[in-house]
Amino acid sequence: MVIRALLKPNTYYDSITLMSVAQAAKDLPGVEDIGAVMATEVNLELLLNATLMPIAFLAEQQAPPGSEDLLIVVRAIDEAHAQAALAVAEERLTSRGDRGNLSTGEMLPARSLEMALKRDEAANLAVISVTGEHAGLEAEQALRNGMHVFLFSDNVPVEQEKRLKALAISKGLLLMGPDCGTAIINGIGLGFSNVVSRGSIGIVGASGTGMQQLICLIAAAGMGISQAIGTGGRDLSEAIGGVMMRRGLELLAGDEQTEVIILVSKPPAERVAREILAAAQIMKPVVVVFLGADPERFASVAGNAHMARTLTGGAELAVSLAGGDRRRIPGKDALYKYDLPKERAKLASSQRYIRALYSGGTLCDEAMLLLSERLGPIASNIPLRPEWTLAVGETFRGHTALDLGSDEFTRGRPHPMIDPTISLQYLASAADDPQTAVILLDIVLGFCAQQNPASVYSPAIIQAREKAKVAGRSLPVIISLCGTEGDPQRLSMQRTALEAAGAMVYESNEMAARAAALLVSDSIHQA
Amino acid sequence: MAVSLIVVDYSRPTHPIFLQEPRIGNVHSIFNKATNITLDGTMLALLSDELPRMPNSVRLRSDVTYKLLPNLKPGMEVCVGNYSLVIPTCNFSLQLSDTPLWEPRPDVNSYQWNRETVAQHTRMLTQFLANKQPQGGLTPLVGPLFLDQSLQETPLSRMAMPNLRLLAQASWWQNLEGIEEATRGLAGLGPGLTPSGDDVLGGFAAIMALLSTQLSADSIPRKHIASKIASVAKPRTTKLSGLLLEFASRGEVSEQLGTLLLTLMLPAEEFETVLKAADHVLAFGASSGGDTLLGILLGLRALEGKID
Amino acid sequence: MSDTLDPGLFNTPLHIINVGADLFADPLAFQGTLLTRVAWQPAAGNTDAALSLLLGEERVDRANQEAVQRMITARPRLVDVRPAHEVIPGMHKQLLLHAGPPITWERMSGPLRGAIIGALLYEGLASDHATAEQLAVSGEIAFAPCHHHNAVGPMAGLISASMPVLVIEEPIHGHQTFSTLNEGLGKVLRYGANSPEVLAKLVWIEQVLGQALARAVRATGGLEVKPITAQALQMGDELHNRNKAATSLFFREIAAYLVETGNSIEETASVLRYIHGNDFFYLNLSMAACKAVTLAAHGIPFSSVVTTMARNGTDFGIRVSGLGESWYVGPAQKVKGLYFSGYSEEDANPDIGDSTISETAGIGAFAMATAPAIVQFIGGTPADALQYTLEMYDITVTEDSQYQLPPLSFRGTPIGIDIRQVVRQNLLPIINTGIAHRLPGVGQVGAGIVRPPMECFVAALRELARNIQN
């Protein structure tokens, strides 16, 4: 589905003409709805209510359209149909059929990036998600042609990444990726992204779900994002040296809209971390979240930078620094919004372990960090320590946290953020295990993610809890729900449905992990 | 093509514009039988004499209109003043010297008004409008508003419905904040050069301006409500629409609307004359007439104090 | 702060190109960005590394611009009609020129063999089929591609020493190119027929048609070819499978000169009737002109523009401007098309002839959009014809505004096939062609469209990448 618009400044038609034009265009195949109105305030609201708001189109107008400007908006199944409908509408309005079918040339799909550039010479950003072995050429061609790149593809050799990033830097371009999950540029979400208003907080991140968590918590505080620049997960490795994070930092430092900057990454290479921190000594406040890195270790070089240990902590800091109210973030105060002691009391003596099922790698990391501090070893496929690695064929071992989005689970099937089948399987087996005390799982909302996760998780949760109940167990399910009210799935709707299924829903992954820990740490004492 | 003595009539509020020293305006919009001209923040409508008179209209002989309009382009310079209007690019000029003036404010004060019969006409008109099964604009809301019919939910109706109710209630209770809020929600709403929301506001404001003294159940005049509506709406809608609302708030309305309002003082038995006049109003625009009538009805109901 | 900092991105509306899954494109479209989707597929032949090298080379881009500029500025003129041995460099009695890349007798297909036997008989080098075949195998007769002698011939493309050839002169780049005179339809040498009546017609062409045309052409002082082609393109010809309009235009140009220089009324009338009766008469002239155009673009170091596409009935070969005289070959393909009644794909010989020089020069199937009259040959609609031409814009360097296509709002024809984009997009040039019967002498059995084998382009691309690296 696409929304396309046409603006005709100072253009006036009576409503009969506009309605008949709209009707003619609406009757075209592939057209879902169309609006032709003067761009008054309430008409814009009307368009919004009719899912006809051309947000990006309006954002790029030099001046916002006003009541003397005619705005024609069409919602159609795809670009071609939308453009066709706008063309018909425009032709009807001008009622002179003197335009040739020049556009026939544009209707052929482009088969290479270069040909796409011929179709739109102003293209400035390439979103690339082809398989890793071919991603290099596409990214290289985009950079050579002066385009910024959002590179979702993974399995790009590190040498190639290094070379491409050098090319990007030499041309003053951003190469977000490889393996970049999310970004928000000029208010447009790329990849897996949440809908958030534009604001004063800028993010540079080497972690997709880490950035998503920050963005959602900032949105919860009513604040907005200026830009969110992904760098790809390997950017802060020794080999790459954090070039994109530094470039992103530079860009945000120079960006007027950005007042506070957050840098987020899984543990970076020591040398790189120091370089990044050195680069972060700028006039604007910079919040740094190096997950898993002991802030003490960098205390000597942190300088002006504000170090935070968790994503929630980082979001709270940034919101405060940007003049917002950190208490609006559902952080510590929200921890006891459910009656955790009561839940704990209901557990059977066999129920001793947390079973965490994550689709977001960074969220899983953060949970493991918090849990291991409180509970000791956490078995995992992406363990914090090598000796905590799950053996082949082992599903759970004691406290266990799985990153179901990592290669060994996603080979040959969609990522669990897109298709939850794998998560549901593990949810069922965790529920069947009498040692399971609590199931902790994440659900990530936003563009590209599954359309209505609650509709599949809720029945699964109800069933799992019922089954446990029959076996004489109470089975608390804690959900780390990462999303915003503006997301297509709607945060509040998902939360309501999941809570109705008996789940405890936290928007802060940290609080979700802490709640899970509270449920079992005491049961261990009792045991 | 120097033409003179081609003006059939012009409306009284445009008179001061022609009295001034000549000044330059621009062609704003062009239609089949009409064109609008902007000038110093106001607007003149040059209409073919086939069209009804408007508060800001200068009507021309239809043959002249047909020759003129195809040559006009938006933005063309128009020179107005000293009883003449000249469009240099089209080599067009008109003189107003002996042309009759038309008064757009219906002479409501010369008649006796009876609240009972007006209320009966109002019921009749409501039913009449609902029976037309109107499409487009806000007119379809007549059933849900007054006849307890169910509301067909559309983005337009969802936005308009609460504000229509609020407009009527706030007017009865003379709650200016409520009026402002309702007006904000309706001004500029809907397609066209005079969006539906404005047409409703126009009809409503005209009632407040012209008949609130005679018809309100509490006998309190509500002319200030009309002014409030116009001043809140003006910056939120198209220039033309804002201007027409301003006229309406002074009781200056189109020829048909004026006629309809005057028929309301007829005895109840003469309802057919009322309906015929309503039909003429309805014939205006795609939904404009219906929307205006809806505003009229809403205003009349509000004056009865019977709005829930 | 770095001075290469890009202040622009945050202040510029995003125009996005999506390369890959629609999963990522759909939300972008939903958010209302300006989005162009690439219908992506991997490049042919696992050539990412070579492509990376060549697409990033300014030398290639510059050379290609030069190549297409030369094609566009070339001014082929028909100046004479002369026996082949008098004008074609290196031509002699024991040399037979044929269509396509080099090939030995053993690998030749039926129509080519039939044409060679016919030519040997016509030249009087053999008295019957058996001796002609012995001679062909013996090694006493040399075979060479027409292209090696700046000539082109349709189908079998056979040129022998005595045959009259059209002489095209290209004054700007200073070369001559050649083609035989078109024999018309039915049983003809170019389809491998070699019966007595075929040979008799060749003799008439040599002694009457060739000489009459020679006198007339000389009398004109030289005829510009491109203007005729340009007009014909606006009259529904694509100048490969349809030459009706062009032939008529040529007829108008030459008729008076033929009359003025004619030997007798009867002879002149027979020549005029012959041209009038052969809708393909202009094809050979057009081909020789196209050869003059593409030859002008050949031999520019690093250029990835194709300057030859040709088939001999067994192999399809291409040559590339920046790769010298090397041929890059793959198996000739079966033609998809419409067969005359009584024939089917089983009867068809693989693709044959030099007439693909038309597409190489940007007309023929590349100009299909303008020739809706012949789309039925390919079982298509006029919309398909538009699609074919539109596709070709994506694998060519530029547009030739001398040749305008009315259905595309007078857009120029796509010209200068770039092997990089052919391989990258996995999109092969499209070719209009006649279909020869696989047995010698049966003739044309249909017409249709064909695409070259991809391996020619992949091999040439790899070679060019190697050259660039060294």
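About the cut-offs
- Residues numbered from 1 in each chain as written.
- Chains lettered and ligands numbered in written order.
- Predicted model: local features only at pLDDT ≥ 70, side-chain atom pairs only at ≥ 80, totals over all residues.
- Helix = DSSP H or I, 4+ residues; strand = E, 2+ residues; numbered from the N terminus.
- Buried ≥ 20, exposed ≤ 12 C-beta atoms within 10 Å, placed from the backbone.
- Contact = placed C-beta atoms within 7 Å.
- Pairing = 2+ DSSP bridges.
- Axes fitted to C-alpha atoms, helices over the stretch in contact; angles between N-to-C directions.
- Parallel < 35°, antiparallel > 145°, perpendicular 65-115°, else oblique.
- Left-handed = near helix turned anticlockwise from the far one by under 90°.
- Nonpolar A, V, L, I, M, F, W, Y, C, P; charged D, E, K, R; others polar.
- Core = buried A, V, L, I, M, F, W, Y, C linked by C-beta atoms within 7 Å.
- Arc of directions from axis to C-beta.
- pLDDT = per-residue confidence, 0-100.

1. Quick word on the overall build of chain B
Move 1: Across its full length, chain B carries 12 helices and 9 strands.
Move 2: A burial count over chain B gives 52% of its 308 residues as buried.
Move 3: Within chain B, contacts between residues separated by at least 24 positions form 64% of all contacts whose residues are at least 6 apart in sequence.

2. Details of the overall build of chain A
Move 1: Counting its regular elements, chain A contains 20 helices and 19 strands.
Move 2: Expressed as a percentage of its 527 residues, the buried residues of chain A come to 55%.
Move 3: Counted over contacts in chain A with a minimum sequence separation of 6, partners at least 24 positions apart contribute 71%.

3. Side note on the sheet that holds strand 16 (residues 400-403) of chain A
All names here are of chain A.
Move 1: Read across the open sheet, the 6 strands follow the order 15-16-14-17-18-19; overall the sheet is parallel. Only two strands of the sheet have a single neighbouring strand rather than two, namely strand 15 (379-380) and strand 19 (504-506).
Move 2: Of the strands in this sheet, strand 14 (353-358), strand 16 and strand 17 (436-444) touch helix 17 (residues 421-432), which is tilted by about 165° from strand 17.

4. A look at the packing of helix 5 (residues 110-122) of chain C against helix 7 (residues 196-220) of chain C
Helix-helix packing: each pair is described by the crossing angle between the helix axes and the interaxial distance.
All names here are of chain C.
Move 1: Contact geometry for helix 5 and helix 7: axes closest at 10 Å, N-to-C directions at 60°. The angle between helix 5 and helix 7 falls in the class oblique. Crossing handedness for the pair helix 5 and helix 7: right-handed. The segment helix 5 lies against helix 7, with Gly118, Leu121 and Tyr122 engaging Val198, Leu199 and Leu202.

5. Some remarks on the interface of chain B and chain A
Move 1: Taken together, the contact pairs 27 residues of chain B with 21 residues of chain A.
Move 2: When residues of the side of chain B that touches chain A are traced back to their parent elements, those giving at least two are strand 2 (23-30) and helix 5 (155-172) of chain B.
Move 3: In terms of residue count, helix 5 of chain B provides more of the side of chain B that touches chain A than any other element does, 4 residues in total.
Move 4: When its residues are assigned to classes, the side of chain B that touches chain A shows 11 nonpolar, 13 polar and 3 charged.

6. Digging into the environment of A:Ala59
Move 1: Mapping A:Ala59 onto the fold places it in helix 3 (residues 55-59).
Move 2: Sequence-wise, A:Ala59 and A:Asn186 are 127 residues apart; in three dimensions their C-alpha atoms are separated by 8.8 Å.

7. A short note on the nonpolar core
Move 1: Formed by 287 residues in total, the largest nonpolar core has its most connected members in A:Ile128, A:Val149 and A:Ile218.
Move 2: When residues in this core are grouped by element, the largest group, 11 residues, is from helix 7 (residues 196-215) of chain B.
Move 3: Setting aside residues no more than four positions away along its own chain, A:Ile128 makes contact with A:Ala135, A:Glu138, A:Ala139, A:Ala142, A:Val149, A:Phe150, A:Leu151, A:Phe152, A:Ser153, C:Val19 and C:Gly20.

8. Quick notes on the interface of chain A and chain C
Move 1: On the chain C side, the residues contacting the 57 residues of chain A number 50 residues.
Move 2: Secondary structure elements with two or more residues in the side of chain A that touches chain C: strand 1 (2-8), helix 3, helix 5 (104-107), helix 6 (113-119), strand 4 (125-128), helix 7 (132-144), strand 8 (188-191) and helix 10 (243-253) of chain A.
Move 3: At 7 residues, the largest contribution of residues to the side of chain A that touches chain C is made by helix 7 of chain A.
Move 4: Looking at the side of chain A that touches chain C residue by residue, the class counts come to 31 nonpolar, 16 polar and 10 charged.

9. Comments concerning the environment of A:Val444
Residues and elements named next belong to chain A.
Move 1: You can see Val444 is positioned in strand 17.
Move 2: Remark: the alpha-carbon pair of Val444 and Leu481, spanning 37 residues in sequence, is separated by 6.1 Å.
Move 3: Discounting chain neighbours no more than four positions away, the residues touching Val444 are Phe192, Thr209, Gln212, Ser359, Gly360, Met417, Ala449, Cys482 and Gly483.

10. Some words on the pairing of strand 2 of chain B
All names here are of chain B.
Move 1: Of the strand pairs in this sheet, strand 2 and strand 6 (residues 77-81) are connected by 4 bridges, and their pairing is antiparallel. Pairing of Arg23 across the sheet is with Val80, part of strand 6.
Move 2: Across 4 bridges, the pairing between strand 2 and strand 3 (residues 34-39) is antiparallel. In the sheet register, Asn26 faces strand 3, and the bridge partner there is Thr38.
Move 3: Hairpin connection, strand 2 to strand 3: the antiparallel pair is bridged by 3 residues.

11. Remarks on the sheet that holds strand 8 (residues 175-180) of chain C
Residue and element names in this part refer to chain C.
Move 1: Strand order in the open sheet formed by 5 strands is 6-8-7-3-9, with mixed pairing between adjacent strands. Either end of the sheet is taken by a strand with one partner, and the two such strands are strand 6 (151-152) and strand 9 (223-224).
Move 2: In this sheet, strand 8 lies alongside strand 7 (residues 164-170) in antiparallel orientation, the contact comprising 6 bridges. For Ile168, the partnering residue across the bridge sits in strand 8 and is Thr177.

12. Side note on the pairing of strand 1 (residues 15-19) of chain C
Move 1: Of all the 5 residues making up strand 1 of chain C, 4 are buried; the element is thus mostly covered by neighbouring parts of the structure.
Move 2: Here 4 bridges tie strand 4 of chain A to strand 1 of chain C, and the two strands are oriented parallel to one another. What sits directly across from A:Ala126, in strand 1 of chain C, is C:Ile17.

13. Here we look at helix 19 (residues 491-500) of chain A
All names here are of chain A.
Move 1: Taken residue by residue, helix 19 has Leu491, Gln494 and Leu498 as its buried positions. Along helix 19, the residues classed as buried sweep out an arc of 70° about the axis, all on the same side. Within helix 19, the exposed residues directed more than 90 degrees away from the buried face are Ser492 and Ala500.
Move 2: On its buried side, helix 19 packs onto strand 17, helix 18 (453-470), strand 18 (477-482) and strand 19.

14. With respect to the confidence of the model for chain A
Move 1: Summing up the model confidence of chain A, the mean pLDDT is 90 and the portion of residues at 70 or higher is 96%.
Move 2: Scored below 50 in pLDDT, residues 523-527 of chain A makes 8 contacts in the model with residues more than four places away or belonging to other chains.

15. Description of unusual backbone geometry
Move 1: Backbone torsion omega between A:Gly177 and A:Pro178 reads 10°, so that peptide bond is classified as cis.
Move 2: Relative to the helices and strands, A:Pro178 is located in the loop between strand 6 (175-176) and strand 7 (182-185).
Move 3: With a phi close to 50°, B:Asn82 is a non-glycine residue in the positive phi region.
Move 4: When you line up the elements, B:Asn82 lands in the loop between strand 6 and strand 7 (84-87).

16. Looking at the packing of helix 3 (residues 115-131) of chain B against helix 12 (residues 288-304) of chain B
Residues and elements named next belong to chain B.
Move 1: Running from N to C, helix 3 and helix 12 cross one another at 145°; their axes reach a closest spacing of 10 Å. Relative to helix 12, the crossing made by helix 3 is left-handed. Contact residues: Val118, Ala119, Thr122, Leu125, Thr126 and Leu129 in helix 3; Gly290, Leu293, Leu294, Leu297, Leu300, Arg301 and Glu304 in helix 12.
Move 2: Looking at the contact of helix 3 with helix 12 residue by residue, the classes come out as 8 nonpolar, 3 polar and 2 charged.

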